[in-house]
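Chain residues, written in single-letter form:
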Number of protein chains: 2
Amino acid sequence: MIEDAIKAFRKGKPVLIYDFDDREGETDIAIPALSVEPEDVAMMRIDGGGLICVSIPFSAAEKLGLPFMHDILSFSARMFPQLERIAHFDISYDSRSSFSLWVNHRDTYTGITDVDRSLTIRKVGEAVKSVLSGEDFDFGREFRSPGHVAILKASQKLVYERVGQTELSIAIAELAGITPAVAICEMLDDKSGRALSKEDAMKYAAEYDIPFVEGREVVEYYKKRAEELKIRV
Amino acid sequence: MIEDAIKAFRKGKPVLIYDFDDREGETDIAIPALSVEPEDVAMMRIDGGGLICVSIPFSAAEKLGLPFMHDILSFSARMFPQLERIAHFDISYDSRSSFSLWVNHRDTYTGITDVDRSLTIRKVGEAVKSVLSGEDFDFGREFRSPGHVAILKASQKLVYERVGQTELSIAIAELAGITPAVAICEMLDDKSGRALSKEDAMKYAAEYDIPFVEGREVVEYYKKRAEELKIRV
């Protein structure tokens, strides 16, 4: 199914990514950022229901001047002392969060509508494309923060370091050879109040003909390809 | 209708708050934080569709050590220079955003499910109740950031200074005499990709028997009551 996911990404189409039974146990809807239209934001919020975020690679975030929010809060504790304890991280399934800034493109109005969020997401995709092509990009000229779309910054060694949906979505984009900026949103279950079960996410995938992949497949395939291509340590 | 809204808040029930035609032109679902259950989070994300946030008064945020995100980013520009420009605010209808931190209660798992977000919201309500009763509250012991629920910090002079849904929801809570911590979520329109129209929000309110109030009514009533009670300059 990983090859179907790669093909879907090449066409700018959605993929469902389940992480691991022993991690979040969550499925995210993932769509290449450059292809996100207002209808895609509506689909993510209606059929997903979680936060609508955009994953970008570590290197692109560094070039754009986007730190991890954790590092911003830790530094800011010099001015706002309580932040030190609030930023202390203690979740059981991971060593840290991939949140960077929450942003709006400056051409948005409130920032929250489907039209506005899709614009912000596409423009983040364009920003990533620019800096990865070696161009300069003035992020503050085009975006303001705080805003309504969270940027997720993948870990530096990608799936060799962390295997959250942030890294998995970027890994699939790299395998597809597309601009590695991917809108993702968690799928929630209206009835149980918890994450949508893997079984229900697979049913949704089958119903709408969307490829469904698991973290395990993505990581195995990525490492195999990386070794073949020697694109990564 | 403002009196119906006050009564609903006293019962822990939802209210729809429309701001102003010449401001965001948006309706938010608003529910007293202490009453928010998983079904309420599901209702906000399904029938609303925007970000699920919790408004708290300026004074409570100060006591809890919660700065505006804008101030955090501005200070952090000393370490991360690009943040200076990204934090530069230029929206047409307001002078600044009320975003503070995005948080999860430490007893949540991923933080995003209806069960988790409702816990975070109720616990923020309890934190506000504690500090407004003069008790100490160690926010960092109970919450971590970054997380999945945005705290919105009302302006210091409330509706005398800013009239966003953050301030309007806190004004109604104060008028109701309940703990002033209110979960709010913007109502979006699936078809147009824009904010739900005032007319459609009013239809929804009538269908579900939820009071609908406009910013103008809230501000007028609040100022009149404040003058009578001399509770505010």
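Residues numbered from 1 in each chain as written. Chains lettered and ligands numbered in written order. Predicted model: local features only at pLDDT ≥ 70, side-chain atom pairs only at ≥ 80, totals over all residues. Heavy atoms only, no water.

Draft legend 1. Summary view of the overall build of chain A. For chain A, the count of helices and strands is 10 helices and seven strands. Along the first, second and third principal axes, the C-alpha set of chain A runs to 50 × 45 × 35 Å. Here chain A holds 233 residues, and 66% of them are scored as buried. Sequence-distant contacts, at least 24 apart, represent 73% of the contacts inside chain A between residues at least 6 apart. Of the roughly 9400 Å² of accessible surface on chain A, a fraction of 47% belongs to carbon and sulfur atoms. Averaging the coordinates of the 30 positive side-chain charges in chain A and doing the same for the 40 negative ones gives two points 4 Å apart. (Helix = DSSP H or I, 4+ residues; strand = E, 2+ residues; numbered from the N terminus. Buried < 20%, exposed > 50% of the residue type's maximum accessible area, 1.4 Å probe, protein only. Contact = heavy atoms within 4.5 Å. Areas by Shrake-Rupley, 256 points an atom, 1.4 Å probe, with all protein chains shown as cover. Lys, Arg positive; Asp, Glu negative; His and termini not counted. Charge placed at Lys NZ, Arg CZ, Asp CG, Glu CD.)

Draft legend 2. Molecular detail of the packing of helix H1 (residues 2–10) of chain B against helix H8 (residues 165–176) of chain B. Residues and elements named next belong to chain B. Two elements in contact, H1 and H8, have axes separated by 9 Å at closest approach and are oriented at 75 degrees. What the angle tells us is that H1 and H8 run roughly perpendicular. On H8, the residues touching Ile2, Ala5, Ile6, Phe9 and Arg10 of H1 are Ser169, Ile172, Ala173, Leu175 and Ala176. Of the residues contributing to the contact of H1 with H8, the split by class is eight nonpolar, one polar and one charged. (Axes fitted to C-alpha atoms, helices over the stretch in contact; angles between N-to-C directions. Parallel < 35°, antiparallel > 145°, perpendicular 65-115°, else oblique. Nonpolar A, V, L, I, M, F, W, Y, C, P; charged D, E, K, R; others polar.)

Draft legend 3. Representation of the packing of helix H1 (residues 2–10) of chain A against helix H10 (residues 215–229) of chain A in the model. Residue and element names in this part refer to chain A. At a closest axis distance of 10 Å, the pairing of H1 and H10 adopts a crossing angle of 80 degrees. By the angle class used here, H1 and H10 are roughly perpendicular. Facing Ile2, Glu3 and Ile6 of H1, the residues of H10 in contact are Glu217, Val218 and Tyr221. Partitioned by chemical class, the residues of the contact of H1 with H10 number four nonpolar, no polar and two charged.

Draft legend 4. Structural view of the nonpolar core. Of all hydrophobic cores here, the largest spans 163 residues; its most connected members are Ile56 and Phe139 of chain A together with Ile56 and Phe139 of chain B. If we skip the residues at most four places from it in the chain, Ile56 of chain A touches Ala61, Leu64, Leu66, Val124, Val128, Ile151, Leu152, Lys153, Ala154, Ile170, Pro180 and Ala181 of chain A. (Core = buried A, V, L, I, M, F, W, Y, C linked by side-chain atoms within 4.5 Å.)

Draft legend 5. Examining the interface of chain B and chain A more closely. Taken residue by residue, the interface counts 64 residues in chain B and 64 residues in chain A. Counting the surface lost from both chain B and chain A, the interface buries some 5400 Å², and carbon and sulfur atoms represent 63% of this. Broken down residue by residue, the surface that chain B buries against chain A is led by Phe75, Ile86 and Pro146 of chain B, which jointly contribute 12%. Here chain B is connected to chain A by four salt bridges. (Buried area = accessible area lost by both parts, 1.4 Å probe. Salt bridge = Lys/Arg side-chain N within 4 Å of Asp/Glu carboxyl O.)

Draft legend 6. Molecular detail of the pattern of salt bridges. All names here are of chain A. In this structure the tally under the stated criterion is 30 salt bridges over all chains. Across the pair Arg23 and Asp19 runs a salt bridge, and its minimum N-O distance is 3.0 Å. As far as the burial class goes, Arg23 and Asp19 line up, both buried. For Arg96, the salt bridge is made with Glu161, and the minimal N-O distance between the two is 3.7 Å. Here Arg96 is found in the loop between helix H5 (83–86) and strand E4 (99–105), whereas its partner Glu161 is found in the loop between strand E5 (143–153) and helix H8 (165–176), with 65 residues between them in sequence. Given a relative accessible area of 25%, Arg96 falls into the partly exposed group. Assessed through its relative accessible area of 42%, Glu161 is described here as partly exposed. Here the residues in one salt-bridge network are Asp21, Lys198, Glu214 and Arg216, joined through shared partners.

Draft legend 7. Representation of the side chain of Thr108 of chain B. Considering the arrangement of structural elements, one finds Thr108 of chain B in the loop between strand E4 (99–105) and helix H6 (114–132). When residues no more than four places from it in sequence are discounted, the contact partners of Thr108 of chain B are Asp116, Leu119, Thr120 and Arg144 of chain B.

Treat this as a map of the structure, not an account of what it does.
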